[in-house]
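Spelled out from the first residue to the last, the chains are:
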Amino acid sequence: MRLSLFGEKLTGKAGILSLMDDLGQAVADDGREMIMMGGGNPGLFPPVQDALRRRLAQIASEPTLFHRLMDSYAPPGGDAAFLRLLADRLGGELGWPLSADNLCLTNGSQSAFFMLMNLFAGDLADGRRRKILLPLAPEYIGYADLGINDDFFIAARPDIELLPDNLFKYHVDFAHLPLSDDIGALCLSRPTNPTGNLVTEEELQKIDQIAQQLDIPLIIDGAYGPPFPSLVHGQARPYWNERVIFCLSLSKFGLPSIRCGIIVANPEIIRHIRAMNAILALSPSKFGPMLIEDMLASGEIFRISRDGLRPFYRGKMEAALDAARRSCADAPYRIHKPEGAFFLWFCFPGLPVSSLELYRRLKKRGVVVVSGHYFFPGLPGDPSDWPHSRECIRVTYAQDEATTRRGIEIIAEETRAIFNGR
């Protein structure tokens, strides 16, 4: 069987495929239950679960609602009434002048970014090729293989600020951004997956100015940020204007299996995405929007994100950070300052093996993390030129605190053994 180049690209080895395969491996080869610290599954927050369960029961019991959900396609941009409600509530919460024409629903953020990135980058009709610029690497693992073309991304190393208590923080290195006329769009996640970094307001404004100068869009992935699920441990206001494409998701609010992404953009871009939606998927699912419809109408989705989910994850973050400091006290380690999302980004300076080998050794111990090397797409030159890119792992703290603590203890044990030559 011969595959097309497109087929080979989308069926080859990819970091996101490895990550999703690991999510399904709950039991190790020797029968032990795995400690899953690699994936992006959200934690179970009872108030959200209860609200969703009540709404699902209501939909199932009321014929009119059940018919709306099951018996007809939505338009390519999403259900019209829901888009009007979303524009009203989202615009009111954020102070943005939105209408339904500024919004499009997609079957998950991953499909949204596939459409957006290939809309602005790749081969042009005049024979030129454009790329997506990631202003700050490391960046989300799921972007790396989205391009139809090869050589799709270009990225810049960050400035690294060393902080007290074994912390550090990435900053955009504006002096070394690889800017050129072959950039089709800029893209960043905020808070950043995998590091939990919050690109500062000043950095964001500078990046937006660069996008304006190049006459290209800035894509902001807000899957973990405000206004929902609002998993930030510092101050971060959503950022949007007519040049910005702002993306939200219902996954981290507690609905990862529903696959519902939300794109906020100017109407011209929205028309393009709706057309692509029609070709690729006919229409987006109505399931997620109907589940949150009541919470959106009442504003509860904003309140429960801000006053419930945010402190819920902050408590988990503080417990994980405390476990790391206790377990890794006698090992060379640093952790990116956790400012959002639900990951700790460990760096082990001078690690004698690659982060991929550390991942393999931990997996044999029954702990699944994500090797950090997957999160550096588009860096120029040989990856071996920058050891930092092979010294990091991503660890989630979304599970219960006892499981997180035990997983971090095993990570510390294994890294100590590696540094001691065992």
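Residues numbered from 1 in each chain as written. Predicted model: local features only at pLDDT ≥ 70, side-chain atom pairs only at ≥ 80, totals over all residues. Heavy atoms only, no water.

1. Here's the deal with the overall build of the protein chain
Part 1: For the protein chain, the count of helices and strands is 12 helices and 16 strands.
Part 2: Here the C-alpha atoms of the protein chain give a radius of gyration of 21 Å, agreeing with the 22 Å that 2.2 N^0.38 yields for 422 residues.
Part 3: With the C-alpha coordinates aligned to their principal axes, the bounding extent of the protein chain is approximately 65 × 55 × 50 Å.
Part 4: Here the protein chain, with 422 residues, has 54% of them falling under the buried criterion.
Part 5: Contacts in the protein chain between residues at least 24 apart in sequence constitute 74% of all its contacts with a sequence separation of at least 6.
Part 6: Here the protein chain displays about 18,100 Å² of accessible surface, and carbon together with sulfur accounts for 52% of that area. (Helix = DSSP H or I, 4+ residues; strand = E, 2+ residues; numbered from the N terminus. Rg over C-alpha atoms; globule rule 2.2 N^0.38 Å. Buried < 20%, exposed > 50% of the residue type's maximum accessible area, 1.4 Å probe, protein only. Contact = heavy atoms within 4.5 Å. Areas by Shrake-Rupley, 256 points an atom, 1.4 Å probe, with all protein chains shown as cover.)

2. A word on helix α6 (residues 109-120)
Part 1: With 12 residues, α6 extends 17 Å between its outermost C-alpha atoms, agreeing within 8% with the 16 Å of an ideal straight helix rising 1.5 Å per residue.
Part 2: Every buried residue of α6 is accounted for by Ser109, Ala112, Phe113, Phe114, Met115, Leu116, Met117, Asn118 and Phe120.
Part 3: In the stretch just after α6, glycine 122 is the one whose phi turns positive, near 115 degrees. (Expected span 1.5 Å × (residues − 1).)

3. Some details on the packing of α6 against helix α8 (residues 267-281)
Part 1: Interaxial distance between α6 and α8 falls to 10 Å at its minimum, and their mutual angle equals 120 degrees. Between α6 and α8, the angle falls in the class oblique. The crossing of α6 and α8 is right-handed. Facing Phe114, Met115, Leu116, Leu119 and Phe120 of α6, the residues of α8 in contact are Ile269, His272, Ile273, Met276, Asn277 and Leu280.
Part 2: In terms of residue class, the contact of α6 with α8 is built from nine nonpolar, two polar and no charged. (Axes fitted to C-alpha atoms, helices over the stretch in contact; angles between N-to-C directions. Parallel < 35°, antiparallel > 145°, perpendicular 65-115°, else oblique. Left-handed = near helix turned anticlockwise from the far one by under 90°. Nonpolar A, V, L, I, M, F, W, Y, C, P; charged D, E, K, R; others polar.)

4. Considering the pattern of salt bridges
Part 1: Enumeration according to the criterion identifies 25 salt bridges in this entry.
Part 2: Notably, a salt bridge pairs aspartate 123 with arginine 129, separated by 2.8 Å at the nearest N-O pair.
Part 3: Looking at arginine 129, the relative accessible area reads 37%, which means it is partly exposed.
Part 4: Between aspartate 322 and arginine 326 there is a salt bridge, with the nearest N and O atoms lying 2.8 Å from each other. (Salt bridge = Lys/Arg side-chain N within 4 Å of Asp/Glu carboxyl O.)

5. Details of the environment of proline 380
Part 1: Among the secondary structure elements, proline 380 is positioned in the loop between β15 (370-371) and β16 (392-396).
Part 2: Sequence separation between proline 380 and proline 178 is 202 residues; the distance between their C-alpha atoms is 9.4 Å.

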